[in-house]
Amino acid sequence: MKFIEVAHPEGGRIVVHIDHITSAHFRPGEREIKSRLGLDLDERQNELVLFGEEAERAWQAIREMVVATTVTQ
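All of these numbers come straight from a predicted model, not from anything done at the bench.

Considerations on the sheet that holds strand 4 (residues 36-41)
Right, on to step 1. Strand order in this open sheet of three strands is 3-4-5, and the pairing throughout is antiparallel. Of all strands in the sheet, those bounded by a partner on one side alone are strand 3 (21-27) and strand 5 (48-51). Averaged over neighbouring strand pairs, the angle between their axes works out to 15° when direction is ignored.
Right, on to step 2. Seen against the sheet, helix 1 (residues 52-69) touches strand 3, strand 4 and strand 5 and runs at an angle of roughly 115° to strand 5.

As structure tokens, this is what we get:
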């Protein structure tokens with residue numbers, strides 16, 4: 001089972017199972033604008049939005065899982 005641990009917007013940490021992520025939207029930061037990662041989660045959970053280093057770290061973890069599970073033809 002694969003989980004991603006991220007900072008919860010209201011404080012503390014949250015662990016999200018990757019099977020509950022229906023889509024992820026990453027926007028890299030520029031100058032004073034922080035990176036942003038929006039995770040659309042299935043009907044059991046609300047959307048989760050991360051900013052800055054936390055967004056970049058979570059996006060990298062997701063990308064690594066995608067690469068590891070993508071079959072090259």
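Once the structure has been displayed, the description carries forward.
A word on unusual backbone geometry
Right, on to step 1. Even without being glycine, R31 reaches a positive phi, approximately 50°.
Right, on to step 2. For R31, the location among the structural elements is in the loop between strand 3 and strand 4.
Right, on to step 3. Looking at R31, the relative accessible area reads 84%, which means it is exposed.

Conventions adopted
Residues numbered from 1 in each chain as written. Predicted model: local features only at pLDDT ≥ 70, side-chain atom pairs only at ≥ 80, totals over all residues. Heavy atoms only, no water. Pairing = 2+ DSSP bridges. Helix = DSSP H or I, 4+ residues; strand = E, 2+ residues; numbered from the N terminus. Axes fitted to C-alpha atoms, helices over the stretch in contact; angles between N-to-C directions. Contact = heavy atoms within 4.5 Å. Buried < 20%, exposed > 50% of the residue type's maximum accessible area, 1.4 Å probe, protein only.

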